[in-house]
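Descriptive analysis of the structure
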Amino acid sequence: MIVLDQVYKRYSHPDQNGWFDAVHPTSLTIDQGEVFGLIGFSGAGKSTLLRLINLLERPDGGKVIVDGQNLTSLSTAQLRKARQNIGMIFQQFNLLSNLTVADNVAFPLKIAGWSTADINKRVKECLAIVDLEDRINHYPAQLSGGQKQRVGIARALAPSPHVILADEPTSALDPFTTRSVLDCLKEINKQFGVTIVMVTHEMQVIRNICNRAALMEQGKIVEIAEIKDHQILA
Ligand code: ADP
Ligand code: ADP
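Residues numbered from 1 in each chain as written. Chains lettered and ligands numbered in written order. Predicted model: local features only at pLDDT ≥ 70, side-chain atom pairs only at ≥ 80, totals over all residues. Heavy atoms only, no water.

As recorded by an unreviewed UniProt entry, the protein chain carries the name Cell division ATP-binding protein FtsE and is attributed to Entomomonas moraniae. According to the UniProt record, the Function (unreviewed entry) comment for the protein chain reads "Part of the ABC transporter FtsEX involved in cellular division. Important for assembly or stability of the septal ring." Per UniProt, the comment on the protein chain under Sequence similarities (unreviewed entry) is "Belongs to the ABC transporter superfamily." (UniProt positions renumbered as here; feature names shortened; annotations may be inferred.)

**Notes on the site of ligand 2**
What surrounds ligand 2 is the set Arg122, Glu125, Leu157, Ser160, Pro161, Phe192 and Val194. Here a nitrogen atom of ligand 2 sits 2.8 Å away from a polar atom, N or O, in the side chain of arginine 122. Each residue belonging to the shell around ligand 2 can be placed in one class, and the counts come to 4 nonpolar, 1 polar and 2 charged. (Near = heavy atom within 4 Å. Polar contact = N/O pair within 3.5 Å; in protein donor to acceptor, adjacent residues only side chain to side chain. Nonpolar A, V, L, I, M, F, W, Y, C, P; charged D, E, K, R; others polar.)

**Description of the side chain of threonine 48**
Within the fold, threonine 48 resides in helix α1 (residues 46–53). Residue contacts for threonine 48: discarding those within four places in its chain leaves Lys9, Tyr11, Ala22, Val23 and Glu57. (Helix = DSSP H or I, 4+ residues; strand = E, 2+ residues; numbered from the N terminus. Contact = heavy atoms within 4.5 Å.)

**A closer look at the site of ligand 1**
The full set of residues close to ligand 1 is Tyr11, Phe20, Ala22, Phe41, Ser42, Gly43, Ala44, Gly45, Lys46, Ser47 and Thr48. A distance of 2.7 Å is found between an oxygen atom of ligand 1 and a backbone nitrogen or oxygen belonging to glycine 43. Interatomic distance of 2.9 Å between a backbone N/O atom of glycine 45 and an oxygen atom of ligand 1. When ligand 1 is considered free in solution it has 560 Å² of accessible area, and contact with the protein chains removes 59% of it. The leading source of residues in the shell around ligand 1 is α1, at 3 residues. Taken together, the residues that form the shell around ligand 1 break down as 5 nonpolar, 5 polar and 1 charged. (Areas by Shrake-Rupley, 256 points an atom, 1.4 Å probe, with all protein chains shown as cover.)

**Observations concerning the pairing of strand β6 (residues 86–90)**
Taken across its 5 residues, β6 has 5 buried, putting it largely inside the fold. With burial as the criterion, each face of β6 is covered, one bearing Ile86, Met88 and Phe90 and the other bearing Gly87 and Ile89. Sheet analysis places β6 next to strand β7 (residues 163–167), joined by 5 bridges and oriented parallel. Its bridge partner lying in β7, glycine 87 is registered against isoleucine 164. (Buried < 20%, exposed > 50% of the residue type's maximum accessible area, 1.4 Å probe, protein only. Pairing = 2+ DSSP bridges.)

**Describing the sheet that holds strand β9 (residues 212–217)**
Reading across from one edge, β6-β7-β8-β3-β9-β10 is the order of the 6 strands in this open sheet, with mixed pairing throughout. Single-partner strands in this sheet number two, and they are β6 and β10 (220–226). On average, each strand axis in the sheet is inclined to that of its neighbour by 15 degrees, with strand direction left out of account. Pairing of β7 with strand β8 (residues 195–200), which is carried by 5 bridges, proceeds in the parallel orientation. (Axes fitted to C-alpha atoms, helices over the stretch in contact; angles between N-to-C directions.)

Structure, rendered in C-alpha coordinates:
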(Lines give C-alpha, C1' and ligand atoms only; values in the text may rest on other atoms or scores of the structure.)
(Ligands and ions follow the chains in the order given, each with its own letter.)
Protein backbone atom coordinates (compact mmCIF):
# COMPACT_ATOMS: atom_id res chain seq x y z
CA MET A 1 0.00 0.00 0.00
CA ILE A 2 1.13 3.52 -0.83
CA VAL A 3 0.14 6.38 1.46
CA LEU A 4 0.96 9.97 0.62
CA ASP A 5 0.30 12.23 3.60
CA GLN A 6 0.29 15.96 2.86
CA VAL A 7 3.28 15.54 0.60
CA TYR A 8 4.44 18.53 -1.46
CA LYS A 9 7.22 19.68 -3.77
CA ARG A 10 8.30 23.26 -4.24
CA TYR A 11 10.55 24.63 -6.96
CA SER A 12 12.11 28.01 -7.40
CA HIS A 13 10.39 30.11 -10.04
CA PRO A 14 11.74 33.32 -11.59
CA ASP A 15 8.36 35.13 -11.53
CA GLN A 16 6.05 33.81 -8.82
CA ASN A 17 7.71 35.35 -5.73
CA GLY A 18 10.60 32.96 -6.21
CA TRP A 19 8.74 29.72 -5.42
CA PHE A 20 5.83 27.65 -6.63
CA ASP A 21 4.37 24.27 -5.66
CA ALA A 22 4.81 21.79 -8.52
CA VAL A 23 2.80 19.51 -6.22
CA HIS A 24 0.64 21.17 -3.54
CA PRO A 25 0.15 19.26 -0.25
CA THR A 26 -1.48 16.04 -1.41
CA SER A 27 -2.90 13.06 0.48
CA LEU A 28 -3.67 9.87 -1.38
CA THR A 29 -3.89 6.15 -0.59
CA ILE A 30 -3.31 3.52 -3.27
CA ASP A 31 -4.10 -0.08 -2.30
CA GLN A 32 -1.90 -3.05 -3.09
CA GLY A 33 -2.86 -4.47 -6.48
CA GLU A 34 -4.42 -1.29 -7.87
CA VAL A 35 -3.60 0.13 -11.27
CA PHE A 36 -3.77 3.84 -10.56
CA GLY A 37 -3.56 6.49 -13.27
CA LEU A 38 -2.42 10.09 -13.05
CA ILE A 39 -3.76 12.15 -15.94
CA GLY A 40 -3.65 15.84 -16.82
CA PHE A 41 -2.05 18.41 -19.08
CA SER A 42 1.67 18.87 -19.45
CA GLY A 43 3.08 20.69 -16.42
CA ALA A 44 0.23 19.63 -14.10
CA GLY A 45 2.67 17.92 -11.72
CA LYS A 46 1.99 14.28 -12.62
CA SER A 47 5.59 13.27 -13.09
CA THR A 48 6.69 15.10 -9.96
CA LEU A 49 3.99 13.37 -7.90
CA LEU A 50 5.01 9.99 -9.32
CA ARG A 51 8.69 10.63 -8.51
CA LEU A 52 7.79 11.63 -4.96
CA ILE A 53 6.60 8.03 -4.40
CA ASN A 54 10.13 6.59 -4.69
CA LEU A 55 11.78 9.80 -3.51
CA LEU A 56 13.46 10.42 -6.88
CA GLU A 57 12.14 13.86 -5.92
CA ARG A 58 12.64 14.66 -2.26
CA PRO A 59 9.43 16.07 -0.81
CA ASP A 60 9.67 19.46 0.87
CA GLY A 61 7.15 18.24 3.43
CA GLY A 62 4.76 15.43 4.24
CA LYS A 63 5.21 11.69 4.43
CA VAL A 64 5.55 8.95 1.83
CA ILE A 65 4.69 5.54 3.27
CA VAL A 66 5.15 2.40 1.16
CA ASP A 67 4.27 -0.99 2.67
CA GLY A 68 4.14 0.61 6.10
CA GLN A 69 7.59 2.17 5.86
CA ASN A 70 7.95 5.95 5.99
CA LEU A 71 10.49 6.52 3.21
CA THR A 72 11.12 10.12 4.19
CA SER A 73 12.62 9.00 7.51
CA LEU A 74 15.09 6.45 6.07
CA SER A 75 18.86 6.69 5.79
CA THR A 76 20.42 6.53 2.32
CA ALA A 77 21.26 2.84 2.75
CA GLN A 78 17.76 1.99 4.02
CA LEU A 79 16.21 3.95 1.15
CA ARG A 80 18.29 2.07 -1.40
CA LYS A 81 16.92 -1.16 0.03
CA ALA A 82 13.33 0.11 0.13
CA ARG A 83 13.58 1.19 -3.51
CA GLN A 84 14.12 -2.44 -4.56
CA ASN A 85 10.45 -2.78 -3.74
CA ILE A 86 9.54 0.02 -6.18
CA GLY A 87 10.39 -0.53 -9.85
CA MET A 88 10.18 2.25 -12.41
CA ILE A 89 9.69 2.49 -16.17
CA PHE A 90 10.14 5.57 -18.33
CA GLN A 91 8.81 7.12 -21.53
CA GLN A 92 12.24 6.87 -23.21
CA PHE A 93 12.86 3.40 -21.71
CA ASN A 94 16.22 4.47 -20.16
CA LEU A 95 17.98 1.25 -21.21
CA LEU A 96 21.77 1.18 -21.27
CA SER A 97 22.58 1.00 -24.98
CA ASN A 98 25.99 -0.67 -24.56
CA LEU A 99 24.51 -3.56 -22.56
CA THR A 100 22.55 -6.54 -23.88
CA VAL A 101 18.94 -7.13 -22.95
CA ALA A 102 20.08 -9.68 -20.36
CA ASP A 103 22.57 -7.28 -18.79
CA ASN A 104 20.03 -4.46 -18.68
CA VAL A 105 17.59 -6.68 -16.78
CA ALA A 106 20.42 -7.96 -14.55
CA PHE A 107 21.50 -4.42 -13.66
CA PRO A 108 19.33 -3.83 -10.55
CA LEU A 109 20.10 -7.35 -9.30
CA LYS A 110 23.85 -6.77 -9.57
CA ILE A 111 23.48 -3.57 -7.58
CA ALA A 112 21.46 -5.50 -5.00
CA GLY A 113 24.32 -8.00 -4.69
CA TRP A 114 22.66 -11.12 -6.12
CA SER A 115 24.83 -14.11 -7.09
CA THR A 116 25.50 -14.71 -10.80
CA ALA A 117 23.50 -17.94 -10.78
CA ASP A 118 20.47 -16.29 -9.18
CA ILE A 119 20.75 -13.34 -11.57
CA ASN A 120 20.84 -15.58 -14.64
CA LYS A 121 17.80 -17.49 -13.44
CA ARG A 122 15.81 -14.39 -12.59
CA VAL A 123 16.71 -12.62 -15.87
CA LYS A 124 15.35 -15.58 -17.84
CA GLU A 125 12.17 -15.65 -15.72
CA CYS A 126 11.57 -11.94 -16.24
CA LEU A 127 12.22 -12.06 -19.98
CA ALA A 128 9.73 -14.94 -20.20
CA ILE A 129 7.13 -12.83 -18.37
CA VAL A 130 7.50 -10.03 -20.97
CA ASP A 131 7.73 -12.55 -23.82
CA LEU A 132 11.26 -11.63 -24.93
CA GLU A 133 13.24 -14.78 -24.19
CA ASP A 134 14.43 -14.87 -27.80
CA ARG A 135 16.00 -11.39 -27.51
CA ILE A 136 18.23 -12.08 -24.52
CA ASN A 137 21.51 -11.31 -26.34
CA HIS A 138 20.21 -8.44 -28.45
CA TYR A 139 21.18 -4.83 -27.83
CA PRO A 140 18.49 -2.16 -27.31
CA ALA A 141 19.15 -0.63 -30.75
CA GLN A 142 18.09 -3.94 -32.33
CA LEU A 143 14.63 -3.81 -30.73
CA SER A 144 11.36 -2.05 -31.55
CA GLY A 145 10.03 0.59 -29.15
CA GLY A 146 7.52 -1.83 -27.67
CA GLN A 147 10.20 -4.46 -27.15
CA LYS A 148 12.47 -1.87 -25.50
CA GLN A 149 9.70 -0.93 -23.11
CA ARG A 150 9.11 -4.59 -22.30
CA VAL A 151 12.81 -4.89 -21.44
CA GLY A 152 12.26 -1.87 -19.20
CA ILE A 153 9.38 -3.71 -17.56
CA ALA A 154 11.51 -6.85 -17.09
CA ARG A 155 14.24 -4.73 -15.47
CA ALA A 156 11.71 -3.06 -13.16
CA LEU A 157 10.25 -6.44 -12.27
CA ALA A 158 13.54 -8.22 -11.63
CA PRO A 159 13.83 -7.53 -7.87
CA SER A 160 10.16 -8.65 -7.41
CA PRO A 161 8.82 -5.23 -6.41
CA HIS A 162 5.38 -4.66 -4.91
CA VAL A 163 5.05 -1.41 -6.86
CA ILE A 164 5.90 -0.29 -10.39
CA LEU A 165 5.90 3.41 -11.23
CA ALA A 166 5.35 4.11 -14.92
CA ASP A 167 6.04 7.58 -16.35
CA GLU A 168 4.27 7.94 -19.72
CA PRO A 169 5.23 4.33 -20.59
CA THR A 170 3.43 4.29 -23.95
CA SER A 171 3.79 7.89 -25.09
CA ALA A 172 6.69 7.11 -27.42
CA LEU A 173 4.89 4.10 -28.95
CA ASP A 174 2.46 3.48 -31.81
CA PRO A 175 -1.02 2.04 -31.04
CA PHE A 176 -0.01 -1.56 -31.74
CA THR A 177 3.05 -1.61 -29.48
CA THR A 178 1.14 0.45 -26.91
CA ARG A 179 -1.23 -2.46 -26.62
CA SER A 180 1.56 -5.01 -26.17
CA VAL A 181 3.03 -2.91 -23.34
CA LEU A 182 -0.34 -2.38 -21.63
CA ASP A 183 -1.17 -6.10 -21.93
CA CYS A 184 2.18 -6.89 -20.36
CA LEU A 185 1.55 -4.49 -17.44
CA LYS A 186 -1.95 -5.91 -16.94
CA GLU A 187 -0.58 -9.43 -16.82
CA ILE A 188 2.03 -8.48 -14.21
CA ASN A 189 -0.63 -6.77 -12.13
CA LYS A 190 -2.91 -9.80 -12.35
CA GLN A 191 -0.30 -12.52 -11.89
CA PHE A 192 1.84 -10.97 -9.15
CA GLY A 193 -0.51 -8.39 -7.63
CA VAL A 194 2.01 -5.63 -8.36
CA THR A 195 0.58 -2.16 -7.77
CA ILE A 196 1.04 0.06 -10.82
CA VAL A 197 0.99 3.85 -10.68
CA MET A 198 1.02 5.31 -14.15
CA VAL A 199 1.33 8.82 -15.52
CA THR A 200 -0.24 9.38 -18.90
CA HIS A 201 -1.93 12.13 -20.89
CA GLU A 202 -3.92 9.59 -22.91
CA MET A 203 -7.47 8.93 -21.71
CA GLN A 204 -7.73 5.67 -23.65
CA VAL A 205 -4.72 4.30 -21.76
CA ILE A 206 -6.48 5.10 -18.47
CA ARG A 207 -9.68 3.45 -19.70
CA ASN A 208 -7.80 0.38 -20.86
CA ILE A 209 -5.83 -0.49 -17.76
CA CYS A 210 -6.59 1.61 -14.66
CA ASN A 211 -8.95 0.81 -11.79
CA ARG A 212 -8.82 4.39 -10.58
CA ALA A 213 -7.44 7.62 -11.91
CA ALA A 214 -6.67 11.07 -10.54
CA LEU A 215 -6.92 14.19 -12.66
CA MET A 216 -4.19 16.74 -11.87
CA GLU A 217 -4.31 20.45 -12.58
CA GLN A 218 -1.67 22.97 -11.51
CA GLY A 219 -0.09 20.73 -8.91
CA LYS A 220 -3.35 19.52 -7.35
CA ILE A 221 -5.50 16.42 -7.65
CA VAL A 222 -8.85 17.92 -8.62
CA GLU A 223 -10.79 14.68 -9.11
CA ILE A 224 -10.46 10.95 -8.52
CA ALA A 225 -12.63 8.54 -10.50
CA GLU A 226 -13.14 4.79 -10.59
CA ILE A 227 -12.83 3.32 -14.05
CA LYS A 228 -15.58 0.80 -14.67
CA ASP A 229 -15.68 -0.42 -18.27
CA HIS A 230 -12.30 -1.42 -19.52
CA GLN A 231 -11.95 -0.68 -23.20
CA ILE A 232 -10.24 -2.83 -25.75
CA LEU A 233 -7.66 -0.72 -27.55
CA ALA A 234 -7.97 -0.88 -31.33
P1 ADP B 1 3.73 16.84 -15.77
O2 ADP B 1 4.37 15.52 -15.49
O3 ADP B 1 2.28 16.88 -15.39
O4 ADP B 1 3.96 17.32 -17.18
P5 ADP B 1 5.82 17.88 -14.05
O6 ADP B 1 5.62 17.19 -12.77
O7 ADP B 1 6.89 17.41 -14.97
O8 ADP B 1 4.42 17.94 -14.82
O9 ADP B 1 6.10 19.42 -13.77
C10 ADP B 1 5.25 20.20 -12.91
C11 ADP B 1 5.78 21.62 -12.86
O12 ADP B 1 7.02 21.62 -12.16
C13 ADP B 1 6.05 22.22 -14.23
O14 ADP B 1 5.72 23.59 -14.16
C15 ADP B 1 7.54 22.03 -14.40
O16 ADP B 1 8.07 23.02 -15.24
C17 ADP B 1 8.03 22.19 -12.96
N18 ADP B 1 9.28 21.46 -12.71
C19 ADP B 1 9.47 20.12 -12.83
N20 ADP B 1 10.71 19.78 -12.47
C21 ADP B 1 11.34 20.93 -12.11
C22 ADP B 1 12.65 21.24 -11.62
N23 ADP B 1 13.56 20.31 -11.43
N24 ADP B 1 12.92 22.56 -11.35
C25 ADP B 1 11.97 23.51 -11.51
N26 ADP B 1 10.74 23.28 -11.96
C27 ADP B 1 10.42 22.02 -12.25
P1 ADP C 1 8.77 -18.09 -4.35
O2 ADP C 1 8.44 -18.34 -2.91
O3 ADP C 1 9.44 -19.24 -5.01
O4 ADP C 1 9.45 -16.78 -4.58
P5 ADP C 1 6.40 -16.81 -5.35
O6 ADP C 1 5.02 -17.38 -5.41
O7 ADP C 1 6.70 -15.71 -4.43
O8 ADP C 1 7.35 -18.05 -5.08
O9 ADP C 1 6.81 -16.40 -6.81
C10 ADP C 1 6.72 -17.29 -7.89
C11 ADP C 1 7.54 -16.71 -9.00
O12 ADP C 1 7.09 -15.38 -9.31
C13 ADP C 1 9.00 -16.60 -8.65
O14 ADP C 1 9.77 -16.87 -9.80
C15 ADP C 1 9.17 -15.17 -8.24
O16 ADP C 1 10.48 -14.71 -8.49
C17 ADP C 1 8.15 -14.48 -9.13
N18 ADP C 1 7.60 -13.29 -8.46
C19 ADP C 1 7.11 -13.20 -7.22
N20 ADP C 1 6.70 -11.96 -6.94
C21 ADP C 1 6.94 -11.24 -8.04
C22 ADP C 1 6.76 -9.87 -8.38
N23 ADP C 1 6.24 -8.98 -7.55
N24 ADP C 1 7.13 -9.49 -9.59
C25 ADP C 1 7.65 -10.37 -10.44
N26 ADP C 1 7.86 -11.65 -10.19
C27 ADP C 1 7.52 -12.10 -9.01
